[in-house]
Amino acid sequence: MPKAIQYNPNSVIYFEGDIEDKVYILQKGSIVMTFTDIETGSRVNEYIKQGEFFGVKSALGHFPREETIMVLGETTVLMFTSSEFESFAMSNTRIIMKMLKVFSNQLRKIHKQTESKLQSTRDMRPDEGLYSVALAFFNSKKYPQAENIFKRYLKTYPNGSHASEALTLAKKSAAINTSIVNKAENESIQTLEPHTEDKGNENAVFLLAGQLMGRKKYQEAFLEYQKIISSPESKLTADACLGAGECLYYLEDYDEGIKILTKMISMSPRHPKMGEALCYIGLAYGKKGNSEKKQAFITKAMSVADADLMQKINQLQHGE
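Residues numbered from 1 in each chain as written. Predicted model: local features only at pLDDT ≥ 70, side-chain atom pairs only at ≥ 80, totals over all residues. Heavy atoms only, no water.

## Observations regarding the overall build of the protein
Counting secondary structure elements, the protein contains 13 helices and eight strands. Burial analysis of the protein (320 residues in total) assigns 40% to the buried set. If you sum the accessible surface of the protein, you get close to 17,900 Å²; carbon and sulfur atoms cover 53% of it. (Helix = DSSP H or I, 4+ residues; strand = E, 2+ residues; numbered from the N terminus. Buried < 20%, exposed > 50% of the residue type's maximum accessible area, 1.4 Å probe, protein only. Areas by Shrake-Rupley, 256 points an atom, 1.4 Å probe, with all protein chains shown as cover.)

What follows is the structure, encoded as structure tokens:
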């Protein structure tokens, strides 16, 4: 028989990449599903309506979840195992027809997106593609990445059609990045004040916040991270959320820390520092006295951790 489960706001039912055989139906409450659009590569949010089921394809197909499911308000869902859902569906033809309709629409949409993507790249030469990637990083002000890719372009295609532009932009990327780092270091050494007004450049703000954290000035660092988070056009929002969540953990504001780290996971479920976010959420739940949730998040963090993070998790747990 299906099991009714209640969730509090800001809970996560499952993360993108999780593997489990559970199917869910929203009985009451509010849930948002976040996934990556295969055509644009951007994150998309869709709200699940009452009575709708989710997690069906990955549960029945036995492959990793393709989306993250986050709870927005007090919510109750019915949870089925795969075998329970199969039995339930077989006895209800309306459910089967609804599933077929949903899957048909999804396949049609994927087919159109795939054709569009293939059409847009069919005539692009390899050197054009690599140059366009480097240029996209440069235009997004991610200068270290841009410099590396421009250099790779020059090494791979020394006589490419964009070799001259790539050389110029590689040098410009290197110069800008050096200037940003030096500026942030000079400002932090001279003032170490949280409200120093550069702040026209989010990279400098981010570096300053990290230096303040290194000096255990968590309140000041949190304020710097907040400047990035509150910027609607920031490219460093997910990284800033991670830093802010860590600050809030040390400031003992566990509820707000869990909230902001959950936001980071929702925005960037494949973030390279996902394990750290999960770790701090687990530790925060532990401080709140919820040992069950602590263990669940710590276990999840360890499942994606490298050797350095494993060591950090052990140090943090022993330091509680």
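On we go from here.
## Topic: the environment of Tyr225
Mapped onto the elements, Tyr225 comes out in helix H8 (residues 218-229). You can call Tyr225 buried: its relative accessible area is 5%. Taking the C-alpha atoms as reference points, Tyr225 and Asp239, 14 residues apart in sequence, are found 8.8 Å from one another. Not counting chain neighbours up to four residues away, the residues in contact with Tyr225 comprise Phe206, Ala209, Gly210, Met213, Ala240, Gly243, Ala244 and Cys247. (Contact = heavy atoms within 4.5 Å.)

## A few points about the UniProt feature "repeat: TPR" (unreviewed entry) in the protein
Within this numbering scheme, the UniProt entry marks residues 238-271 as carrying the feature "repeat: TPR" (unreviewed entry). The span residues 238-271 carries 79% helix and 0% strand; its end-to-end C-alpha distance comes to 8 Å. (UniProt positions renumbered as here; feature names shortened; annotations may be inferred.)

## With respect to the pattern of salt bridges
Scanning all chains against the criterion turns up eight salt bridges. Notably, a salt bridge pairs Glu20 with Arg65, separated by 2.7 Å at the nearest N-O pair. Highlighted residues: Glu20 in the loop between strand S2 (12-14) and strand S3 (22-28) and Arg65 in the loop between helix H1 (56-61) and strand S7 (68-71), separated in sequence by 45 residues. The class for Glu20 is partly exposed, based on a relative accessible area of 26%. With a relative accessible area of 2%, Arg65 lands in the buried category. One salt bridge connects Glu224 with Lys227, and the closest N-O pair in it is separated by 3.4 Å. With Glu224 and Lys227 both in helix H8 and three residues apart, the pair spans about one turn of that helix. Of the residues examined, Lys227 reaches a relative accessible area of 28% and is grouped as partly exposed. (Salt bridge = Lys/Arg side-chain N within 4 Å of Asp/Glu carboxyl O.)

## Things to note about the pairing of S3
Examined bridge by bridge, S3 and strand S8 (residues 75-81) share six bridges and lie antiparallel to one another. Residue Lys28 lies in a different strand from S8, and its bridge partner there is Thr76. Examined bridge by bridge, S3 and strand S6 (residues 53-54) share two bridges and lie antiparallel to one another. Opposite Ile25, over in S6, you have Phe53 as the bridge partner. (Pairing = 2+ DSSP bridges.)

## Let's talk about the sheet that holds S8
Ordered in space as S1-S8-S3-S6, the four strands form an open sheet in which the pairing is antiparallel. Both edges of this open sheet fall to strand S1 (3-7) and S6, since each of them pairs with a single strand only. Strands S3 and S8 of the sheet are contacted by helix H2 (residues 82-90), whose axis makes an angle of about 90° with S8. (Axes fitted to C-alpha atoms, helices over the stretch in contact; angles between N-to-C directions.)

## Some words on the confidence of the model for the protein
For the protein, per-residue confidence averages 80 on the pLDDT scale, and residues scoring 70 or more make up 79% of the total. Considering only residues more than four positions removed or in separate chains, one finds that residues 191-200, a stretch of pLDDT under 50, has 23 contacts. (pLDDT = per-residue confidence, 0-100.)

## Regarding the nonpolar core
The tendency in soluble globular proteins is for nonpolar side chains to be buried side by side. The biggest cluster of nonpolar side chains holds 44 residues, and the ones touching the most others in it are Tyr225 and Ile265. Within the residue set of this core, elements represented by two or more residues are helix H7 (202-214), H8, helix H9 (237-250), helix H10 (254-267), helix H11 (274-287), helix H12 (291-303) and helix H13 (307-318). At nine residues, H11 tops the list of elements feeding residues into this core. Judged by nonpolar contacts, the second largest core, of 15 residues, contains Tyr7, Phe35, Ile69 and Val77. (Core = buried A, V, L, I, M, F, W, Y, C linked by side-chain atoms within 4.5 Å.)

## Focus: the packing of aromatic side chains
Considering all chains together, one arrives at 18 aromatic pairs under this definition. For the pair Tyr285 and Phe297, a centre-to-centre distance of 5.7 Å together with 20° between the ring planes defines the contact as stacked. Of this pair, Tyr285 sits in helix H11 while Phe297 sits in helix H12; the two residues are twelve residues apart in sequence, bridging distant segments of the chain. In this pair, the class of Tyr285 matches that of Phe297, namely buried. An aromatic cluster is built from Tyr131, Phe138, Tyr143, Phe150, Tyr153 and Tyr157, whose rings are joined through pairwise contacts. Of note, Arg65 hangs over the ring of Tyr14, and the distance from its end group to the ring centre comes to 4.0 Å. (Phe/Tyr/Trp six-rings, centres within 6.5 Å; stacked < 30°, edge-to-face > 60°. Lys NZ or Arg CZ within 6 Å of the ring centre and 35° of its normal.)

## Overview of the sheet that holds strand S4 (residues 31-36)
Ordered by their spatial adjacency, four strands build an open sheet running S2-S7-S4-S5, and the pairing between neighbours is antiparallel. The outermost strands of the open sheet, each flanked by one partner alone, are S2 and strand S5 (43-48). Strand-to-strand, the axes of this sheet are offset by a mean angle of 25°, without reference to chain direction. The pairing of S4 with S7 spans four bridges and is antiparallel. In the sheet register, Val32 faces S7, and the bridge partner there is Met70.

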